[in-house]
Amino acid sequence: MSSFEPCPCVRRVFFLLVALFGVTQLPAVPASSATTVMPLPAVQQFTTGRLAVTPAFSVELQGSADARLRAGLARLLRQVEARTGLTFAHTPAGGFALKSDAAHASLVIDCAAPGSAVPVLGEDESYTLEVTSTEAVLKAPTILGALHGFATLQQLLQADASGWFFPAVRINDQPRFPWRGLMIDVARHWQPLEVIQRNLDGMALVKLNVLHLHLTEDQGFRIESKTFPRLHELGSDGHYFTQDQIRGLIAYAAERGIRVVPEFDIPGHATSWVTAFPELASAPGPYAIERKWGVFDPVLDPTNPRVYALLDGFLGEMAALFPDAYIHIGGDENNGVQWSANAKIQAFIREHNLKDNAGLHAYFNGKVHAILAQHGKKLIGWDEILHPDLTSGSVVHSWRGPTGLAEATRLGFATILSNGYYIDLNYPTADHYLNDPVPADTRLSPEQQKLVLGGEATIWAEWVTPETIDSRIWPRTAAIAERLWSARDVRDVPDMYRRLALVSRRLEEAGLQHASYLDPALRRLAGDQASPAELAALRAFVDLIEPVKHYQRGNQQPEATQFTPLTGLVDCARADSAPGREFAAQVAMLAGPLSPDPQAANSVLQALVAWKFTTVQLAALAARSPRLQEAQPLLTSLATASAVGQEALSVLLSRQAPVAGWLQTQLSRLDEAAKPHAAAELPVIAPLRLLAAAAAEQDKRRTLSPDAWKQHLLDLAPPPVTP
Ligand code: ACM
């Protein structure tokens, strides 16, 4: 292991800190007594007192109580037992012993009616919960509300020196939007049953109520068809859900208050369809399922009656399998190449006065709408289905921008929003959180607003495997769940992050692997020779870096296919680095309008020194670990970031202006350090740019208003532009 000597610059800053502020140690942050629940309930009033949770904790079921309610209760009690280490009373048959007499129970559950056994859109999901020092009473019109109440209780549970308890509280809760979903693409990278099940458990904890399964794609056909078995046999490499598995999944979801909406993407994204039936494509085959990522040409031929025969048979089969009222038909990203190149199709467009390819797409959707209607289903599709000829009653799923949602509602269509909730693109949680389907300054009329049913987070699967998928979905999706459940004015970002850290733990306890996948993945990356200290350094490093955002990974790794192992550095990095965020917050205090905050200066210095130490340790490890070679350029960038930061801090604390040209030199060093490598990047460059600017311009700090000072820094040192 390499030894680490702080550079003279670090010593200088450290002594400056001690001399100026006498600070060497951060005080402990007091524990917050604020709410632990996410999504934030509609009405929540904490009162005094607490309901102790002891081995004598007991439950009484009043009103409607069926197997679904009992199963939900058992899951709650099992979680509480697991967390507290307590054992509650069990029956000889292994279940939890419930109070059936009039004796006082700790938790009383009172459901007025069972509700729909399989949830439906628009069902009453409300509940009330009153916790006093003697009991908790959970009331709900249906079992759906009770299940949500269980999720709230699970998150309210906490402990202090005197033991485990539920805080006394009065909650009156219901969702803002009825459609709160998570779309999982199981086609590009196959995601087996256990991945979906554990994500359903996570969804239930944050009160999401729609699992949208993206089942067919260019890269895979992931559902068994008994009518047309060629579809899954030729389109899946053997990786598909059997119909029995789907029935089990629907039941699993229903037990958790979650609808399952299947998507069969047509007429584009259809390579797997035409792999089985090349004669139904709009250009001659043969076809094979795609292994790469992008938008591809194969598209069904809307002029071919056999296409509708296939769809009628297949969608009829799926309509019988999936109980939900909606079937998603995709409809996105048909690039029109095959249609434009096919003279017969272009003649069809002219003969039927369809105007253009968009008109043909609308014609196709009309036929599909009729097929679905015959099978008792409603149509939902992505943005591109919106057309003056779209059949009324269809739902438009907006993904390309807010204008799609506005336009759809203007034409009278119900919509759901996914634009801004693309969690595969690795943006920070706060960006998703503040993205509101109907923001306060909305231009939608009240009638249009009523047509916005909600939204869905979407995890597209170019870059996720069963091992990493949870880390791309969670915990950020919990913040999207809050956006869709809680009141519009719930927008306190720091409080969201505080609760997100807590709910992230609850999600892990529910079986998700967004945190636990990391240590084995890092051991594999580091190789067998890595020492515990080096592994700790690697952990600190991947905690600090982030995957590149938007669609940049495809540009960084254009050679990747479905077969590329996603076990590299970037697959260990996660969006919205918590240490990166903490560093930015400390820099904001240091570079703010007031004099540099001593504690912030201390934290920033500690971080900068730790980064340098990390780079020294990991350079030694990377020299021995083939898989870590790809980290070298980012380690160099982090060392630069540390050096620039230390210099900036030194200048800032010296209260002396730097030499002419100093800021430009630092900013160009940071530009170099901002470049992504191995599809990962350093989120700390933007705050470091601000720190350098604040140091260079400190003589102006007192002459400018706080807003003008902030703007001045941003003008001098805007965030780095990434390619
Ligand atoms: C999509 O992202 N193509 C719906």
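Cut-offs used in this document
- Numbering of residues starts from 1 in each chain and follows the order in which that chain's sequence is written.
- Local features in a predicted model are, by the rule used here, given only for residues with pLDDT of at least 70; side-chain atom pairs are given and counted only at 80 or more, and totals for whole chains, interfaces and linings are based on all residues.
- The side-chain figures draw on all heavy atoms in the structure; neither hydrogens nor water molecules are used.
- Any carboxyl oxygen of Asp or Glu that lies within 4 Å of a side-chain nitrogen of Lys or Arg is treated as forming a salt bridge with it.
- Buried residues are those whose accessible area, probed at 1.4 Å on protein chains only, stays under 20% of the maximum for their type, while exposed residues exceed 50% and partly exposed ones sit between those limits.
- Helix and strand definitions follow DSSP, with helices as H or I runs of at least four residues and strands as E runs of at least two, each counted in order from the N terminus.
- Think of the arc as the fan of directions from the helix axis to the C-beta atoms.
- Residues count as neighbours in contact if any of their non-hydrogen atoms are within 4.5 Å of one another.
- Pairs were defined over the aromatic rings of Phe, Tyr and Trp, the Trp ring being its six-membered one, requiring ring centres within 6.5 Å. Orientation was assigned from the angle between planes: stacked under 30 degrees, edge-to-face over 60, tilted for the rest.
- Where helices are involved, their axes are fitted lines through C-alpha atoms of the stretch in contact, as for all axes, and angles between N-to-C directions lie from 0 to 180°.
- In what follows, roughly perpendicular refers to angles from 65 to 115 degrees, roughly parallel to angles under 35, roughly antiparallel to angles over 145, and oblique to any angle outside these ranges.
- Should the near helix be turned anticlockwise from the far one by less than a right angle, the crossing is termed left-handed; should it be turned clockwise, right-handed.
- Residues are grouped as follows: Ala, Val, Leu, Ile, Met, Phe, Trp, Tyr, Cys and Pro are nonpolar; Asp, Glu, Lys and Arg are charged; all remaining types, including Gly, are polar.
- Joining through side-chain atoms within 4.5 Å is the link that ties buried Ala, Val, Leu, Ile, Met, Phe, Trp, Tyr and Cys residues into a set, and such a set is a nonpolar core.
- Note on pairing: two strands pair once DSSP finds at least 2 bridges between them.
- Definition of a polar contact: a pair of N or O atoms within 3.5 Å, with one able to donate and the other able to accept a hydrogen when the atoms are protein atoms, and with sequence-neighbouring residues admitted only if both atoms are side-chain atoms.
- To estimate how far a helix should reach, multiply one less than its number of residues by 1.5 Å.
- Per residue, pLDDT measures the predictor's confidence, with a range of 0 to 100.

Student: It is not clear to me how the pattern of salt bridges should be interpreted in this structure. Could you clarify?
Tutor: Side chains that differ in sign of charge can pair as their charged atoms come close. Taken as a whole and judged by the stated rule, the model has 40 salt bridges. Arg-256 is paired through a salt bridge with Glu-255; the nearest N and O atoms lie 3.5 Å apart. Judged by its relative accessible area of 8%, Arg-256 falls in the buried class. Note on Glu-255: relative accessible area 30%, which makes it partly exposed.

Student: What am I meant to see in helix α18 (residues 518-526) here?
Tutor: Think of an α-helix as 3.6 residues a turn; residues three or four steps apart then line up on the same face. Where α18 is concerned, the buried positions are Leu-518, Ala-521, Leu-522, Leu-525 and Ala-526. Angularly, the buried residues of α18 cover 130° about the axis, an arc narrow enough to put them on a single face. Against α19 (532-544), α21 (569-572) and α23 (598-624) lie the buried residues of α18.

Student: Hey, could you run me through the packing of aromatic side chains in this one?
Tutor: The final tally for this structure, using the stated rule, is 16 aromatic pairs. Arranged with centres 5.3 Å apart and planes meeting at 70°, the rings of Phe-348 and Tyr-363 form a pair that is edge-to-face. Note that Phe-348 is positioned in helix α10 (residues 343-351) and Tyr-363 in helix α11 (residues 357-374), a separation of 15 residues in sequence. In this structure Phe-348 comes out as buried when scored by relative accessible area, which is 12%.

Student: Sorry, what's going on with the packing of helix α16 (residues 476-485) against helix α17 (residues 493-509) here?
Tutor: Angle between the axes and distance between the axes are the two parameters that describe a pair of packed helices. Contact geometry of α16 with α17 gives a least axis separation of 9 Å together with a crossing angle of 120°. Regarding the angle of α16 to α17, the classification is oblique. As for the relative orientation of α16 and α17, their crossing is right-handed in sense. Facing α16, whose interface residues are Ala-478, Ala-479 and Glu-482, α17 presents Met-496, Arg-499, Leu-500 and Val-503. Taken together, the residues of the contact of α16 with α17 break down into five nonpolar, no polar and two charged.

Student: When you look at the nonpolar core in this model, what are you seeing that I'm missing?
Tutor: As a rule of thumb, soluble globular proteins bury nonpolar side chains together. Grouped together as the largest cluster of nonpolar side chains are 93 residues, with contacts concentrated most on Leu-182, Ile-223, Phe-264, Trp-273, Phe-314, Phe-322 and Trp-474. Looking at this core element by element, the count peaks at nine residues for helix α8 (residues 305-321). Here Phe-264 is in contact with Leu-215, Thr-216, Ile-223, Trp-273, Phe-314, Leu-315, Met-318, Phe-322, Ile-327, His-328, Ile-329 and Gly-330, once residues within four sequence places are set aside. Residues Leu-522, Leu-590, Leu-628 and Leu-634 belong to the second largest nonpolar core, which totals 63 residues.

Student: How do you make sense of the pairing of strand β5 (residues 136-140) when you look at a structure like this?
Tutor: A regular strand places its side chains so that they alternate between the two faces of the sheet. With four of five residues buried, β5 is to be regarded as a mostly interior element. The sheet contact formed by strand β3 (residues 107-111) and β5 spans five bridges and is parallel. Its bridge partner lying in β5, Cys-111 is registered against Ala-140. By the bridge criterion, four bridges tie strand β4 (residues 127-131) to β5 in an arrangement that is antiparallel. Looking across to β5, one finds that Thr-128 is bridged to Lys-139. Hairpin geometry of β4 and β5 is characterised by an intervening segment of four residues between the two adjacent antiparallel strands.

Student: What exactly am I supposed to notice about the side chain of Asp-576 here?
Tutor: Turning to its location among the elements, Asp-576 is positioned in the loop between α21 and α22 (578-590). Residue Asp-576 is classed as buried on the basis of its relative accessible area of 9%. A polar side-chain atom of Asp-576 sits 2.7 Å from a polar atom in the side chain of Tyr-497. Residues contacting Asp-576, with those up to four places away along its chain left out, are Pro-428, Thr-429, Ala-430, Tyr-497, Glu-546 and Arg-581.

Student: Got a minute to help me understand α22 in this structure?
Tutor: Taking 1.5 Å per residue as the helical rise, α22 with its 13 residues ought to reach 18 Å, and the 18 Å between its terminal C-alpha atoms agrees with that figure. Packed against the buried residues of α22 are α19, α23, α24 (632-654) and α26 (685-696). Measuring from the side-chain oxygen of the N-cap residue of α22 to the backbone nitrogen of Gly-580 gives 2.8 Å; that N-cap residue is Ser-577.

Student: Looking at this model, I keep getting lost on the pairing of strand β14 (residues 395-398). Mind explaining?
Tutor: Of the two faces of β14, the one holding Val-395 and His-397 and the one holding Val-396 and Ser-398 are both buried throughout. Bridging between strand β13 (residues 378-382) and β14 involves three bridges; their strand directions are parallel. Note that in β14 the partner of Gly-381 across the bridge is Val-396. Examined bridge by bridge, β14 and strand β15 (residues 414-417) share four bridges and lie parallel to one another.

Student: For this particular structure, what's the right way to read the confidence of the model for the protein?
Tutor: When pLDDT is low, close inspection of the predicted coordinates is not appropriate. Across the protein, pLDDT averages 94, with 95% of residues at or above 70. In this model residues 1-6 is a low-confidence stretch, pLDDT under 50, and it forms eleven contacts with partners more than four residues away in sequence or in other chains. The low-confidence segment residues 22-33 (pLDDT under 50) makes 15 contacts with residues lying over four places distant or belonging to another chain.

Student: Any chance you could explain unusual backbone geometry here in plain terms?
Tutor: For residues other than glycine, phi is negative in most cases, and the peptide bonds are mostly trans. Here the amide bond leading from Met-38 into Pro-39 is cis, since omega sits at 0°, within 30 degrees of zero. Checked against the element boundaries, Pro-39 lands in the loop between α1 (8-21) and β1 (43-52). Despite not being glycine, Ala-678 has its phi angle at roughly 50°, a positive value. Positive phi outside glycine occurs at Ala-679, with the angle close to 65°.

Student: Explain the environment of Asp-543 here, please?
Tutor: Structurally, the position occupied by Asp-543 is in helix α19. Considered as a pair, Asp-543 and Gly-580 are 37 residues apart in the sequence and their alpha carbons are 8.2 Å apart. The residues contacting Asp-543, other than those within four sequence positions of it, are Leu-518, Arg-574, Ser-577, Ala-578 and Pro-579.

Student: Sorry if this is basic, but what is going on with the environment of Gly-393 here?
Tutor: Structurally, the position occupied by Gly-393 is in the loop between β13 and β14. Separated by 13 residues in the primary sequence, Gly-393 and Ile-380 place their C-alpha atoms 9.0 Å from one another. Once you skip the residues sitting within four places of it in the chain, Gly-393 turns out to touch Leu-379 and Phe-413.

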